[in-house]
Every structure is written in C-alpha cells, then in structure tokens.
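# Chains, contacts and geometry: an overview
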Amino acid sequence: MDEPLRIGLVGAGKISRAYLDTLPRLPGLRLTAVTDLDRARAEAAARTAEAAAKNAEAAAEGADGAAKSADDVAEGTGGVAVAASADELMAREDVDAVLNLTIPAAHAEVALAALAAGRHVYGEKPLAGTREEADAILGAAERAGLRVGCAPDTVLGPGTQTARRAVDDGLIGTPVAATAFMTTAGHEAWHPDPEFYYRPGGGPLLDMGPYYLSALVHLLGPVVRVTGAASRPRAQRSVGSGPRAGERFAVEVDTHVTGVLEHRGGALTTLLMSFDVHAARLPRIEVHGSEGSLSVPDPNTFDGPVELWRGGAWEPLAPSAGYAGSARGYGLADMARALGAGRPHRASAELARHVLDVMLTLLDAARERTSLPVGTTCSRPEPVPLVGELSASAGHG
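Given the structure is predicted, the values throughout are model-derived calculations rather than measurements. (Residues numbered from 1 in each chain as written. Predicted model: local features only at pLDDT ≥ 70, side-chain atom pairs only at ≥ 80, totals over all residues. Heavy atoms only, no water.)

## Considering the environment of Asp21
Mapping Asp21 onto the fold places it in helix α1 (residues 16–22). Linking Asp21 and Ala52, residues 31 residues apart in sequence, is a C-alpha distance of 5.8 Å. (Helix = DSSP H or I, 4+ residues; strand = E, 2+ residues; numbered from the N terminus.)

This is the structure:
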C-alpha cells in the first residue's frame, strides 16, 4: 500500500495499551483517532499513542537519550484526534479501518456500525457473542467489499508458526492426535470484579478457547465434529481481592469443559478448559503424529519453546516461521498488507466465526451429552514465513 491504513480506535480500556505501544512501529498503519465512553480515558490513550509514536520515530532514527513517557509529550495529541463518540469517529474522513477494542458484548454492534459506515474492521476476540451476529458481520462485510479481522494474532508469532512448519514439513509424520489444556482455579483470586467471567458469554472455553482453537486450526485445520462434557462444581464463588473481597456471587455457566474435536484431516484433539484446577503440570498444546510428537508453546503468547520428539529424545527447534518480535496489532498489520497485496489476511473473520461456532457447538454437545457436527468451516490460514520484525523491508509477509 502506498498510503498507510488510517486507524480509528474504539474502546480505550486495558487491552488498548498493548496496541498503542505496538502500532507506531508497524508500517502500513497510522492511528488517527480514538474514542471511549470515558472521554478522559480516550484523551489519555491519544497522549500515549503520541508518546509511542515519538519513541518509535526516535528509535528508527537512532536517536540518543531515554524514551519519552506520555507525560513528557508536549500539549496536543499530534494528529491523534479524540472523537466524542464511535459514530463521530467512524464518520471521519481520516479513518479507513476501526480497531474495535470494546467489551465483548459490544463487539458485533460496533463492527456492524463500522461496516455500515464503509470502514474495515479489526477487533479483539470473540468476533461476536452468537452465530447469528457473526454471520451478520461476515454478510455485511461481503456486501460492502470490506475486510474484517479478529484476534488472536498470537498465532502469527514464531511459537505457533514454527510448530506449524514442523507439522507441514512432516517432522512428526501424519498428525493423528493433539491435546490442549488450559487450567486455572479461576480469575476471582486476582480480578476485583470477576462476575462477567461466570455469566453467559463467559466461562473458561469462551474466555481462553479462541487462543487454543485458533492455534489448532493453524496446526491441524478446521474442526468438523465435537463431543463434549461440562460441569459446574460450585454454585457460588467469592471475590478474592480489592474493596469487594469476600463478597459472594452466583456462577451461571459451566466452569470445567472437556471435549474431543475431530479435524477435517482426521486428527483428534482432546481439549480441557477449566476454572476448577488449582495446580497442574499439563502441557499447553502437544501434537502427536505417526513419526513423532511436538510440544507447542502457550497460544496466548507470540513466542515460546517448540520441541520435537523423534528418535527417543525431546529436541528444541529453532524459530523457522512467524513474525519475529510480534505483539498485539500484528494481525491488523497483516490485514493492511493483505489489502495492498490483494490476498486473504490471516487473522480473518472466517477463522474467528469458525472458532466461535466450534466453542458454541461444544457447549451444546456438553448440554445434550452427545456428539454434534460443526456447521461452519474455514480455510486453514496461510503460514507466516520467517520474516523477522514486520517492517517495510519484510517484503513477502
């Protein structure tokens, strides 16, 4: 692309800081506007964005001296406008794409409004709360000829992508099985307002499943059938920190979810997502093939050790694929590059819809104590070559 994709950020909450730190060092992107229901928070985000942009510019020029903090930035936001509302931001002529960092319950509403305004969209996971909302987003994007991307983009880093290359290169032979485990005792121990994790739309599968399932689709392809079981061992939990510590609240969703996923290629994944495990030594993801096994790092991170077992011992694999140095926002940068190249982007709405459908179908199967087909599918995203830091010189990403 000759001109950068101009980004308007909606939702300046906690996760926005990770994006604000990354966006200035990504070619092909320029943050032009930000909005939040709390205007003071939006103004702070704009100042942070300007500070990060100045630091990135100084680093690129090899400038000496310490990096500037947001408080060191001169008055004004250096072209990062603060919009009074999402509608006002989407109407701006200097916004080509909306970065949707609102709460999950608002993801679909904001995405549909942005598409109606003629803007591309990239958002945090999940794509939507229901299959119907996800279908509406994809339909609106197709009719308008616009792109929709969705996190997680952690799977584009060297961790998952190196593991994927090992699978694709046949280092473990034909994949036959995988395991994926996410276990914790629950978020109430550290979160001062944890109720939303335990209400409809929450629970361990919908909270963390997008990371694991996105990685599994990259590694083994889409899922065609699921078998599920789930439980809710505790009817109530207690807030463990903050001013409300000790206050009890109701648990409205299953907190221990297990399942078997049948991938299109025939491999079977055993999945465990739990808020009821106090301690475990389970691996995050392992893939087992006819000739060996592969240990895959935490899919909630961009990096991590990849180990191959073949011939009697575990051996580390050097990074061989993925965006090195990646962080939140690389999926958006990949989408911008894909727009310029006329190719599909990797952190796609199609993948996100399929992941959502797999999770909802697994929960349906658990409630019905049965096995169910998954109604959607998606293309396995293109692998990411080892291109180093995403930059203007990293040509074929």
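## Details of the packing of helix α6 (residues 158–168) against helix α7 (residues 204–220)
Where α6 contacts α7, the two axes come as close as 8 Å, and the packing angle between them is 30°. Taken together, the axes of α6 and α7 lie roughly parallel to each other. Crossing of α6 against α7: the hand is right-handed. Two secondary-structure elements touch here, α6 through Thr160, Gln161, Ala163, Arg164 and Val167 and α7 through Ala215, His218 and Leu219. Residues that form the contact of α6 with α7 fall into these classes: four nonpolar, three polar and one charged. (Axes fitted to C-alpha atoms, helices over the stretch in contact; angles between N-to-C directions. Parallel < 35°, antiparallel > 145°, perpendicular 65-115°, else oblique. Left-handed = near helix turned anticlockwise from the far one by under 90°. Contact = heavy atoms within 4.5 Å. Nonpolar A, V, L, I, M, F, W, Y, C, P; charged D, E, K, R; others polar.)

## A short note on the sheet that holds strand β11 (residues 256–263)
Spatial strand order, β16-β15-β14-β13-β7-β12-β11-β8-β17: nine strands in an open sheet with mixed pairing. Taken across any chain shown, the strands that pair with only one partner, and hence form the sheet edges, are β16 (314–316) and β17 (371–373). Strand-to-strand twist in this sheet, taken as the mean axis angle between neighbours without regard to direction, amounts to 20°. Looking at chain direction, strand β13 (residues 285–289) and strand β14 (residues 293–296) are connected through four bridges and run antiparallel. Bridged to Glu286 within β14 is Ser295. α6 rests against β7 (175–183), β13 and β14 of the sheet, and its axis sits at about 165° to β14. (Pairing = 2+ DSSP bridges.)

## What about the confidence of the model for the chain?
Here the chain shows a mean pLDDT of 92. Residues at 70 or above account for 91%. Scored below 50 in pLDDT, residues 63–77 shows 15 contacts in the model against residues more than four places distant or in partner chains. When the criterion is pLDDT under 50, residues 392–397 qualifies, and its contacts beyond four places in sequence or with other chains add up to 13 contacts. (pLDDT = per-residue confidence, 0-100.)

## Focus on unusual backbone geometry
The peptide bond linking Lys125 to Pro126 adopts the cis configuration, its omega dihedral lying at -5°. Looking at the element boundaries, Pro126 is found in the loop between β5 (120–123) and α5 (131–144). The step from Ala151 to Pro152 runs through a cis peptide bond, and the omega angle for that step is 10°. Among the structural elements, Pro152 can be located in the loop between β6 (148–150) and α6. Of note in the backbone geometry, Arg369 takes a positive phi value of approximately 50° without being a glycine. With respect to the helices and strands, the residue Arg369 is situated in the loop between α9 (349–368) and β17.

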